[in-house]
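Each chain is listed here by its residues.
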Amino acid sequence: QSALTQPRSVSGSPGQSVTISCTETSSDVGGYNYVSWYQQHPGKAPKLMIYDVRKRPSGVPDRFSGSKSDNTASLTISGLQPEDEADYYCCSYAGSYTWVFGGGTKLTVL
Amino acid sequence: QITLKESGPTVVKPTETLTLTCTFSGVSLSTSGVGVGWIRQPPGKALEWLAVIYWDDDGHYSPSLKKKVTITKDTSKNQVVLSMTNMDPVDTATYYCVHIELVSAFHIWGQGTMVTVSS
């Protein structure tokens, strides 16, 4: 049972914006600001899209942004493109050098 | 450029011990702050963090798998080894090797290796 809850699916049309939430459901996660987001296309390894809540690795389009309020982190994708269709996972540092992942969200670009 | 590649058996029998090797380049596990870890993903399911080992040989484990998993490193060979005992069909998954610095995020991933547990 994941300590991070994500919606199972979200969808949007090209050009629109979508937001994927990631809610900490366990106090064990501890509210650290080490939240990261990963994009995974079918049959591929996950790719880091956001780290430390809102930082973007080099090469990730600025259409991808992250935020956090209280116990919920969010990934927003603006100007949706067909290639954004993928599974997205949030991850949080849970203290004592352990990490927890969310259950994943399937993004469909209509 | 950091790259990681997993290697090991594709099929193991129930109760056997799985040994996976991660061979990496572009980074040294003797550099302060550097870590290499393992994450798995059962078919059609979510990612699960398993373990990480740091430059100082400090290993850390998922609380739910702590008794089953061991992670070691060979700095001279640029390798990290994951061992999982008493394998069960529920351990069938793609196993990924990942690079991390301190506790921030898993910046670089290997391609993954699929392991099936079946008699």
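Scroll up a little and you will see the structure.
Residues numbered from 1 in each chain as written. Chains lettered and ligands numbered in written order. Predicted model: local features only at pLDDT ≥ 70, side-chain atom pairs only at ≥ 80, totals over all residues. Heavy atoms only, no water.

Enquirer: Mind showing me how you'd approach the overall build of chain A here?
Expert: Within chain A, the regular secondary structure consists of 0 helices and 10 strands. Starting at the N terminus and walking to the C terminus, you meet the elements of chain A as β-β-β-β-β-β-β-β-β-β. Whereas a compact globule of 110 residues would reach a radius of gyration of roughly 13 Å, chain A reaches 13 Å, a difference of no more than 12%. Once the C-alpha set of chain A is aligned to its principal axes, its extents read approximately 40 × 30 × 30 Å. Every one of the 110 residues in chain A was classed for burial, and the buried ones make up 48%. When contacts within chain A are restricted to residue pairs at least 6 apart in sequence, those whose partners lie at least 24 apart make up 53%. Summed over its atoms, the accessible surface of chain A is roughly 5200 Å², and 43% of this surface lies on carbon and sulfur atoms. (Helix = DSSP H or I, 4+ residues; strand = E, 2+ residues; numbered from the N terminus. Rg over C-alpha atoms; globule rule 2.2 N^0.38 Å. Buried < 20%, exposed > 50% of the residue type's maximum accessible area, 1.4 Å probe, protein only. Contact = heavy atoms within 4.5 Å. Areas by Shrake-Rupley, 256 points an atom, 1.4 Å probe, with all protein chains shown as cover.)

Enquirer: I tried to follow the nonpolar core on my own but got confused; where do I start?
Expert: Counting residues in each nonpolar core, the largest one holds 27 residues, and the members touching the most others are Trp38, Val80, Leu82 and Tyr95 of chain B. Of all the secondary-structure elements, those providing two or more residues to this core are strand 3 (18-25), strand 4 (34-41), strand 5 (48-54), strand 7 (69-74), strand 8 (79-84), strand 9 (93-101) and strand 11 (113-117) of chain B. The dominant element in this core, judged by the number of residues it contributes, is strand 3 of chain B, at 4 residues. In this structure, Leu75, Leu80, Cys90 and Val100 of chain A belong to the second largest nonpolar core, which totals 23 residues. (Core = buried A, V, L, I, M, F, W, Y, C linked by side-chain atoms within 4.5 Å.)

Enquirer: Explain the sheet that holds strand 1 (residues 4-5) of chain A to me, please; I cannot follow it from the model alone.
Expert: The strands making up a sheet associate through hydrogen bonds between their backbones, and the pairing can be parallel or antiparallel. Residue and element names in this part refer to chain A. Across the sheet, 4 strands lie side by side as 1-3-7-6; this open sheet has antiparallel pairing. Across the chains shown, the open sheet's two edge strands, defined by having one partner strand only, are strand 1 and strand 6 (64-69). Note that strand 1 and strand 3 (residues 18-24) share 2 bridges and pair antiparallel. In the sheet register, threonine 5 faces strand 3, and the bridge partner there is threonine 23. (Pairing = 2+ DSSP bridges.)

Enquirer: What am I meant to see in the side chain of serine 62 of chain B here?
Expert: All names here are of chain B. Position of serine 62 relative to the elements: it lies in the loop between strand 6 (59-61) and strand 7. Its relative accessible area of 7% is what places serine 62 among the buried residues. When near neighbours in sequence (up to four residues on either side) are disregarded, serine 62 contacts Trp49 and Leu50.

Enquirer: I keep staring at the packing of aromatic side chains and nothing clicks. Help me out?
Expert: When we look at a pair of aromatic rings, we describe it by the centre distance and by the angle of the planes. All names here are of chain A. Applying the stated criterion to the full structure yields 14 aromatic pairs over all chains. Arranged with centres 6.4 Å apart and planes meeting at 75°, the rings of tyrosine 93 and tyrosine 97 form a pair that is edge-to-face. Given a relative accessible area of 8%, tyrosine 93 falls into the buried group. The exposure class of tyrosine 97 is partly exposed, given its relative accessible area of 34%. (Phe/Tyr/Trp six-rings, centres within 6.5 Å; stacked < 30°, edge-to-face > 60°.)

Enquirer: Could you clarify how one ought to interpret the sheet that holds strand 1 (residues 3-7) of chain B in this entry?
Expert: Residues and elements named next belong to chain B. In spatial order, the strands read 1-3-8-7; together these 4 strands make up an open sheet with antiparallel pairing. Of all the strands in the sheet, just strand 1 and strand 7 have a single pairing partner and so form its edges. Strand-to-strand, the axes of this sheet are offset by a mean angle of 20°, without reference to chain direction. Pairing of strand 1 with strand 3 involves 5 bridges; the strand directions are antiparallel. Each residue of the ladder has a partner; that of glutamate 6, found in strand 3, is cysteine 22. (Axes fitted to C-alpha atoms, helices over the stretch in contact; angles between N-to-C directions.)

Enquirer: Just checking my understanding: could you explain the state of the cysteines for this structure?
Expert: Each disulfide consists of a covalent bond between the sulfur atoms of two cysteine residues. All told, the structure shown has 2 disulfides over all chains when counted by the stated rule. Paired through a disulfide, cysteine 22 of chain A and cysteine 90 of chain A show a sulfur-sulfur distance of 2.0 Å. Across the disulfide from cysteine 22 of chain A to cysteine 90 of chain A, rotation about the S-S bond amounts to roughly 75°, and the bridge is consequently right-handed. You can see cysteine 22 of chain A sitting in strand 3 and its partner cysteine 90 of chain A sitting in strand 8 (residues 86-95), a full 68 residues away along the chain. Here cysteine 22 of chain B is linked by a disulfide to cysteine 97 of chain B, with a sulfur-sulfur distance of 1.8 Å. In this structure, the disulfide formed by cysteine 22 of chain B and cysteine 97 of chain B twists by about -70° around the S-S bond and is classed as left-handed. In this pair, cysteine 22 of chain B sits in strand 3 while cysteine 97 of chain B sits in strand 9, placing the two residues 75 residues apart along the sequence. Both residues of the pair, cysteine 22 of chain B and cysteine 97 of chain B, belong to the buried class. No disulfide involves cysteine 91 of chain A; its nearest neighbouring cysteine sulfur is the one of cysteine 90 of chain A, lying 7.7 Å away. (Disulfide = S-S within 2.5 Å.)

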